[in-house]
Amino acid sequence: MRRRDWITSVGCFGLAATAPIAASGQNAPPLSVVTSFSILQDLIEQVGKNRIVVRSLIGVDGHAHAFEPRPSHVQSFGQAQMVVLNGLRYEPWADRLIKSANFKGRVLTVSDGIPEPLQATKTGRPDTDPDPHAWQNPRNVIHYVQGIADALCDLDPAAKDHYRRSEQAYLTELRELDQWIELQFLPLSSAQRRVITSHQAFAYFAQRYQIEFLAPQGISSESRPSAKTVARLISQIKSERIKAVFLEHLTDGRLLQQIAKDTGVRVGPSLYVEALTAPGKGAETYLQMMRHNTLALVAGMQAS
Ligand SMILES: [Zn+2]
């Protein structure tokens with residue numbers, strides 16, 4: 001079997017080619033995969049490249065915490081052979097949707113078995129919910145990608161070499177990303193390594209790179225903080241001389257803008273957490289998203 005046609009070149013920041021191309025010498029249709037959100041779509045495409053077709057239920061610039069499945073989402077399952085979910089209660093609607101779609105294929109939960117799942121915290125109080133944003137640590141994404149590659153090899157053994165080759169190339173990029181992020185924060189003192197963001201989505205990033213994120217909202221960006229929480233945050237910003245506040249893409253930033261005004265701190269560029277962006281907006285892939293966030297955070301923290 002010749003595999004020449006499966007190889008696509010993907011640069012460091014390149015988007016994977018997603019148009020299905022039948023492998024030369026055979027007529028195997030591409031694998032059909034459904035996933036919950038755009039970041040997972042990118043990871044699956046990085047491994048499957050042109051051997052698979054991936055549909056994401058929540059598209060680019062889509063808000064996962066506000067997602068409510070509609071009948072049209074049931075149709076998205078079509079002839080899919082696999083559904084890929086994040087898990088850690090990020091997709092509380094998934095079980096019912098999978099049932100409604102009468103989906104009988106494989107369900108892969110990529111966060112299963114990550115080395116250190118974190119609990120969600122709300123204003124410092126330990127919470128019983130897991131923190132779902134595990135992809136904010138590239139080391140967890142390495143685990144995600146290995147699971148995706150194993151599943152694709154299982155479902156489509158004829159293309160095993162193709163999947164393993166793109167898996168290895170992408171894992172190298174993820175390891176380089178992890179080292180690159182670590183290097184960017186290296187010049188910053190521990191006093192500089194603190195910022196304020198709009199919702200607590202950065203615990204995994206914080207733990208990996210020793211950054212302190214203070215967030216006035218709880219784990220879901222839908223929840224509203226109490227006046228007492230806001231007042232406590234304002235006094236903390238003043239007493240600890242925090243200089244950088246970051247708004248999150250897709251989140252109502254009025255509260256943070258008010259806090260910034262009251263305290264005189266600088267508002268940095270949007271950080272991308274839950275979704276990739278449409279082409280040309282700076283976070284079209286997971287690698288781009290993480291580099292964007294890192295450079296924005298470093299610039300904000302250097303000002304302090
Ligand atoms: Zn979130």
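These notes cover the structure that comes with them.

**Observations regarding the sheet that holds strand β2 (residues 52–58)**
Phase 1 of the analysis: In space, the four strands of this open sheet follow the order β2-β1-β3-β4, with parallel pairing throughout. Bordering the open sheet on either side are β2 and β4 (106–109), each of which pairs with just one other strand. Taken over all neighbouring pairs, the strand axes of this sheet differ in orientation by 20° on average, direction set aside.
Phase 2 of the analysis: Pairing geometry for strand β1 (residues 31–37) and strand β3 (residues 82–85), over three bridges, is parallel. The partner of V34 across the bridge, within β3, is V83.
Phase 3 of the analysis: Against the sheet, helix α4 (residues 138–155) touches β1, β2, β3 and β4, its axis set at about 165° to β4.

**Things to note about the environment of Y272**
Phase 1 of the analysis: In this fold, Y272 is placed in the loop between β10 (266–271) and α9 (286–302).
Phase 2 of the analysis: The exposure class assigned to Y272 is buried, which follows from its relative accessible area of 9%.
Phase 3 of the analysis: It is 9.8 Å that separates the C-alpha atoms of Y272 and Q288, two residues lying 16 residues apart in sequence.
Phase 4 of the analysis: Not counting residues up to four positions away in its chain, the partners in contact with Y272 are Q136, H249, T277, K281, A283, M289, H292 and N293.

**Concerning α4**
Three- or four-residue spacings in an α-helix give side chains the same orientation, since the helix completes a turn every 3.6 residues.
Phase 1 of the analysis: The terminal C-alpha atoms of α4 lie 25 Å apart, and with 18 residues this matches the ideal 26 Å at 1.5 Å per residue to within 8%.
Phase 2 of the analysis: Along α4, the residues classified as buried are P138, N140, V141, I142, Y144, V145, I148, A149, A151, L152 and C153.
Phase 3 of the analysis: Where α4 begins, one side-chain oxygen reaches toward the backbone nitrogen of R139, 2.8 Å away; that side chain belongs to N137.

**Here's the deal with the sheet that holds strand β7 (residues 194–197)**
Phase 1 of the analysis: Strand order across the open sheet formed by four strands is β8-β7-β9-β10, with parallel pairing between neighbours. Both outer strands of the open sheet, β8 (212–214) and β10, are each paired with one neighbouring strand and no more. Between one strand and the next, the sheet's axes are offset by a mean angle of 35°, whatever the strand orientation.
Phase 2 of the analysis: One ladder, built from two bridges, connects β7 with strand β9 (residues 244–248); its direction is parallel. Bridged to T197 within β9 is F246.
Phase 3 of the analysis: Helix-sheet contacts for helix α8 (residues 254–263) involve β7, β9 and β10, and the interaxial angle to β9 is about 165°.

Each value, and the rule that gives it
- Residues numbered from 1 in each chain as written.
- Predicted model: local features only at pLDDT ≥ 70, side-chain atom pairs only at ≥ 80, totals over all residues.
- Heavy atoms only, no water.
- Pairing = 2+ DSSP bridges.
- Helix = DSSP H or I, 4+ residues; strand = E, 2+ residues; numbered from the N terminus.
- Axes fitted to C-alpha atoms, helices over the stretch in contact; angles between N-to-C directions.
- Contact = heavy atoms within 4.5 Å.
- Buried < 20%, exposed > 50% of the residue type's maximum accessible area, 1.4 Å probe, protein only.
- Expected span 1.5 Å × (residues − 1).
- Polar contact = N/O pair within 3.5 Å; in protein donor to acceptor, adjacent residues only side chain to side chain.

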